[in-house]
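What follows is each chain in one-letter form.
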Amino acid sequence: MKVMLVTNKSALTEKYGSDRDAVLNLLVELNNHHKKTDPESALYCIDDRIDMENIAPPVRDNNKAQTKAAVDAIFDKKNPDCVVLVGAGDIVAFQELKDPTDDAKVIQSDLPYACAYPCSDDVRHFLDPKRIVTRIPDVMNDAVEGKLVLENAVQQAMSPGKAAPEYADEPWAVCTQRREPALKGLLHLVYGVDKSYATCPHNGPCWDTVTSYKRKVHAHVLHGGVRSTFLVGESNGDPSVRYEAVHVDMLDAALEDGVILLERACHGAQLFDPQKCGKGKGLPLANVYLKRKAWAVIGSTTSNYSHETSMFFADYLVGYFGKYLLEPGTSIGKAFLKAREQTIRDWGGPWDKFKLKILAGTVVYGDASKVVIEKMDKKEGAMADEKQAVSHVVPVEVKDARMPEAVRNQIRVVLKTKGFDPEAVVTASRLTAFEEGAEESNRPGEKWQYYIQQRDKWLLITTEDNNVTAVEEIHEG
């Protein structure tokens with residue numbers, strides 16, 4: 001994956017002073033890691049004349065319009081698979097979009113970077129994001145904590161992915177009593193099955209470490225506030241009474257590496273100066289997760305919206321991100337792009353002011369190229385007896401002679417009907433004998449079996465004479 005790291009050297013100098021070179025060395029190390037996958041990966045200081053030569057004019061004073069033009073030029077002239085913005089808004093500027101609800105003056109957004117449209121403050125110009133862009137933020141106006149967050153984030157970006165079973169357990173999921181349908185639906189979207197969750201009240205803010213903070217997937221459908229360091233719940237009886245559910249001080253000592261945060265609270269991904277907290281004291285929630293070596297955080301920099309009796313646009317956007325991120329081999333950036341595309345396609349139109357604000361404010365923090373769950377080795381995934389079958393892996397969308405178009409289309413229909421990704425990887429096994437050295441293709445009269453895994457579920461599809469003859473669901477245990 002060709003990754004372009006984007007930062008601002010003069011802004012790093014202003015914040016980190018004599019530690020600037022140490023911070024830049026972290027990014028050089030991360031860039032060298034990316035180069036192992038694609039030698040054309042690069043690090044760009046967009047204010048540096050040499051770095052930006054023949055690309056775009058250097059950015060001055062972290063100017064928002066110039067920063068957008070610089071990122072656009074990098075996409076246009078270097079054709080990267082993804083761009084990772086490094087630094088909070090005081091290093092690489094957020095784009096500021098007008099709030100369509102008029103609740104706030106502007107929305108801090110990375111959405112415009114994912115779109116080719118030039119700099120604008122109207123979110124309606126950015127409804128078709130096709131680029132992969134994420135951010136690894138440091139801490140606003142705090143060099144000590146900022147460096148620590150970057151050190152840990154870079155370290156985790158270079159660490160190997162994990163195995164699927166580590167993410168198959170129950171999540172740590174919390175919601176207000178009035179938002180149970182949203183959280184229940186979000187978790188079902190992520191996992192394909194119902195998962196356990198807690199409500200506030202009457203749970204929180206003190207949680208059992210083993211059954212909460214140590215879990216690999218965290219999901220919150222709670223209330224947050226502007227520059228707040230805690231999240232609160234509300235009861236069905238009196239929504240005006242709030243109960244503290246999550247506080248950053250408790251998270252700061254309990255998280256483990258590899259956590260994915262699916263944050264639905266208002267301002268859950270807002271980055272702010274810790275010295276200017278609106279409520280409570282401490283780092284922003286997203287910074288705490290990255291400091292404690294989380295791999296991915298999705299949330300909103302502004303207000304969020306949900307229905308009391310069903311899921312809403314934000315629930316689907318966050319839920320699809322979690323769903324795609326837990327598919328083996330999918331990177332953080334690819335999962336975000338697919339989640340945006342899926343949510344816009346299924347739930348975008350007609351656009352109202354609430355959907356526009358949710359789309360504008362939703363960001364992802366983490367290295368776009370990071371794969372959370374490594375792809376399963378073919379030998380680990382094969383379920384057929386090796387003495388009976390010869391196996392090979394075939395992506396459904398690939399034009400491959402070994403899987404005729406008629407069979408491929410039938411399998412797509414079955415996968416969609418069963419709630420599986422129609423583009424899932426298929427393990428194909430021939431059940432009938434064939435001559436050694438013969439071409440591996442479905443021939444009339446042959447019987448084949450196709451295995452498709454989606455987390456803890458399997459489908460076994462049998463075909464004979466190029467027609468699906470049986471479909472069986474298999475569950476572990």
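Source: prediction; values computed, not measured.

Definitions and cut-offs
- Residues numbered from 1 in each chain as written.
- Predicted model: local features only at pLDDT ≥ 70, side-chain atom pairs only at ≥ 80, totals over all residues.
- Heavy atoms only, no water.
- Buried < 20%, exposed > 50% of the residue type's maximum accessible area, 1.4 Å probe, protein only.
- Helix = DSSP H or I, 4+ residues; strand = E, 2+ residues; numbered from the N terminus.
- Pairing = 2+ DSSP bridges.
- Phe/Tyr/Trp six-rings, centres within 6.5 Å; stacked < 30°, edge-to-face > 60°.
- Lys NZ or Arg CZ within 6 Å of the ring centre and 35° of its normal.
- Expected span 1.5 Å × (residues − 1).
- Arc of directions from axis to C-beta.
- Core = buried A, V, L, I, M, F, W, Y, C linked by side-chain atoms within 4.5 Å.
- Contact = heavy atoms within 4.5 Å.
- Salt bridge = Lys/Arg side-chain N within 4 Å of Asp/Glu carboxyl O.
- Axes fitted to C-alpha atoms, helices over the stretch in contact; angles between N-to-C directions.
- Parallel < 35°, antiparallel > 145°, perpendicular 65-115°, else oblique.
- Nonpolar A, V, L, I, M, F, W, Y, C, P; charged D, E, K, R; others polar.
- pLDDT = per-residue confidence, 0-100.
- Left-handed = near helix turned anticlockwise from the far one by under 90°.

J.: Looking at this model, I keep getting lost on the pairing of strand β13 (residues 296-300). Mind explaining?
T.: A regular strand places its side chains so that they alternate between the two faces of the sheet. Where burial is concerned, most of β13 is hidden: five out of the five residues are buried. The two faces of β13 match: Ala296, Ile298 and Ser300 on one face and Val297 and Gly299 on the other face are all buried. The pairing of strand β12 (residues 260-263) with β13 spans three bridges and is classified as parallel. The residue bridging Leu261 from the neighbouring strand is Val297, located in β13.

J.: Can you walk me through the packing of aromatic side chains in this structure?
T.: Given two aromatic rings, one states the distance between the centres and the angle between the planes to describe the pair. Overall, the coordinates contain nine aromatic pairs when judged by the stated rule. Taking the centre distance of 6.2 Å and the plane angle of 85 degrees together, the rings of Phe321 and Phe336 count as edge-to-face. Of this pair, Phe321 sits in helix α8 (residues 313-325) while Phe336 sits in helix α9 (residues 332-348), and the two are 15 residues apart along the sequence. An identical accessibility class is assigned to Phe321 and Phe336; each is buried. Here the aromatic cluster, defined as three or more aromatic residues joined through ring pairs, consists of Tyr316, Tyr320, Tyr324 and Trp347. The side chain of Arg135 reaches across the aromatic face of Phe94, ending 3.9 Å from its centre. The aromatic ring of Trp295 is capped on one face by Lys370, whose charged end is 4.0 Å from the ring centroid.

J.: Would you mind going over helix α12 (residues 405-417) with me for this structure?
T.: Residue pairs three or four apart in sequence face the same way in an α-helix, which turns once every 3.6 residues. Here α12 contains 13 residues, and its C-alpha end-to-end distance of 19 Å stays within 8% of the 18 Å for a straight helix at 1.5 Å per residue. Listing the buried residues of α12 in full gives Val407, Arg408, Ile411, Arg412, Val414 and Leu415. When α12 is viewed along its axis, its buried side chains cluster within an angular range of 165 degrees and face the same direction. Looking at α12, the residues exposed on the side facing more than 90 degrees away from the buried face are Val413, Lys416 and Thr417. Taken from the residues just after α12, Gly419 is the one with a positive phi, measuring 80 degrees.

J.: I'm lost on the nonpolar core in this one. Help?
T.: The tendency in soluble globular proteins is for nonpolar side chains to be buried as a group. By size, the foremost hydrophobic cluster in this structure holds 48 residues, and its most contacted members are Tyr167, Leu262, Phe321, Leu325, Leu326 and Val372. For this core, the secondary structure elements donating two or more residues are β7 (172-176), α5 (180-191), β9 (217-221), β12, β13, α8, α9 and α10 (353-361). With nine residues, α8 is the largest single contributor of residues to this core. Residues contacting Tyr167, with those up to four places away along its chain left out, are Lys162, Tyr191, Lys216, Val217, Gly258, Ile260, Trp295, Leu326, Val372 and Ile373. The next biggest cluster of nonpolar side chains, apart from the first, holds 44 residues, and it includes Ala56, Val71, Val133 and Ala157.

J.: What exactly am I supposed to notice about the pattern of salt bridges here?
T.: For side chains of opposite charge, pairing can occur when their charged atoms come near one another. Considering all chains together, one arrives at 26 salt bridges under this definition. For Asp138, the salt bridge goes to Lys15, with nearest N and O atoms at 2.9 Å. With Asp138 in the loop between β6 (133-136) and α4 (143-157) and Lys15 in helix α1 (residues 9-16), this pair connects stretches of sequence that are 123 residues apart. Each member of the pair, Asp138 together with Lys15, is buried. Across the pair Arg264 and Asp315 runs a salt bridge, and its minimum N-O distance is 2.6 Å.

J.: What should I look at first to understand unusual backbone geometry in this one?
T.: Negative phi values dominate among residues other than glycine, just as trans dominates among peptide bonds. In this model, Cys200 is joined to Pro201 through a cis peptide bond whose omega is 0 degrees. By the secondary structure assignment, Pro201 is in the loop between β8 (198-200) and β9. Of note, the bond from Pro201 into His202 is cis; its omega dihedral lies within 30 degrees of zero at 20 degrees. Within the secondary structure, His202 sits in the loop between β8 and β9. Positive phi, close to 55 degrees, is recorded for Asp61, a residue that is not glycine.

J.: Sorry if this is basic, but what is going on with the packing of helix α2 (residues 20-35) against α4 here?
T.: Axes are the key here: two packed helices are described by the angle between their axes and the distance separating the axes. The N-to-C vectors of α2 and α4 enclose an angle of 10 degrees; their axes lie 10 Å apart at closest approach. Here α2 lies roughly parallel to α4, going by the angle between them. Seen from α2, the contacting residues are Ala22, Val23, Leu26, Leu30 and His33; seen from α4, they are Lys147, Leu150, Glu151, Val154 and Ala157. Here the residues of the contact of α2 with α4 are counted per class, giving seven nonpolar, one polar and two charged.

J.: How should the confidence of the model for the chain be read in this particular structure?
T.: The predicted structure's coordinates, where accompanied by low pLDDT, should not be read in detail. Residue-level pLDDT values for the chain average 87, and 87% of them are 70 or greater. Note that residues 378-401 has pLDDT below 50 and, in this model, 51 contacts with residues that lie over four places away or in other chains. Per-residue pLDDT stays below 50 along residues 430-441; that stretch engages in 28 contacts with residues further than four places along the chain or on separate chains.

J.: I would appreciate a short explanation of α9 in the present structure.
T.: Here α9 lies mainly inside the structure; twelve of its 17 residues are buried. Every buried residue of α9 is listed here: Ile332, Gly333, Ala335, Phe336, Leu337, Lys338, Ala339, Arg340, Gln342, Thr343, Ile344 and Gly348.

J.: Is there a simple way to explain the packing of α8 against α9 in this structure?
T.: Viewed as axis vectors pointing N to C, α8 and α9 meet at an angle of 140 degrees, and their least axial separation amounts to 8 Å. Compared by their axis directions, α8 and α9 come out oblique. The chirality of how α8 crosses α9 is right-handed. Across the interface between the two elements, Phe313, Tyr316, Leu317, Tyr320, Phe321, Tyr324 and Leu325 from α8 touch Ile332, Ala335, Phe336, Lys338, Ala339, Arg340, Gln342, Thr343, Asp346, Trp347 and Gly348 from α9.

J.: How should I be thinking about the environment of Val232 in this particular structure?
T.: Take Val232: it is sitting in strand β10 (residues 230-234). Separated by eleven residues in the primary sequence, Val232 and Val221 have C-alpha atoms spaced 9.5 Å apart. Val232 has contacts with Thr176, Leu222, His223, Arg242, Tyr243, Glu244 and Ala245, leaving out every residue within four places of it along the chain.

J.: Would you mind showing me how to read the side chain of His223 here?
T.: Mapped onto the elements of the fold, His223 is located in the loop between β9 and β10. With sequence-adjacent residues up to four places away left out, His223 is seen in contact with Thr176, Phe230, Leu231, Val232, Glu234, Arg242 and Ala265.

J.: So what exactly am I meant to see when it comes to the environment of Ala70 here?
T.: In this structure, Ala70 sits in helix α3 (residues 64-78). What makes Ala70 buried here is its relative accessible area of 1%. Here Ala70 is in contact with Ile46, Met52, Ala56 and Val59, once residues within four sequence places are set aside.

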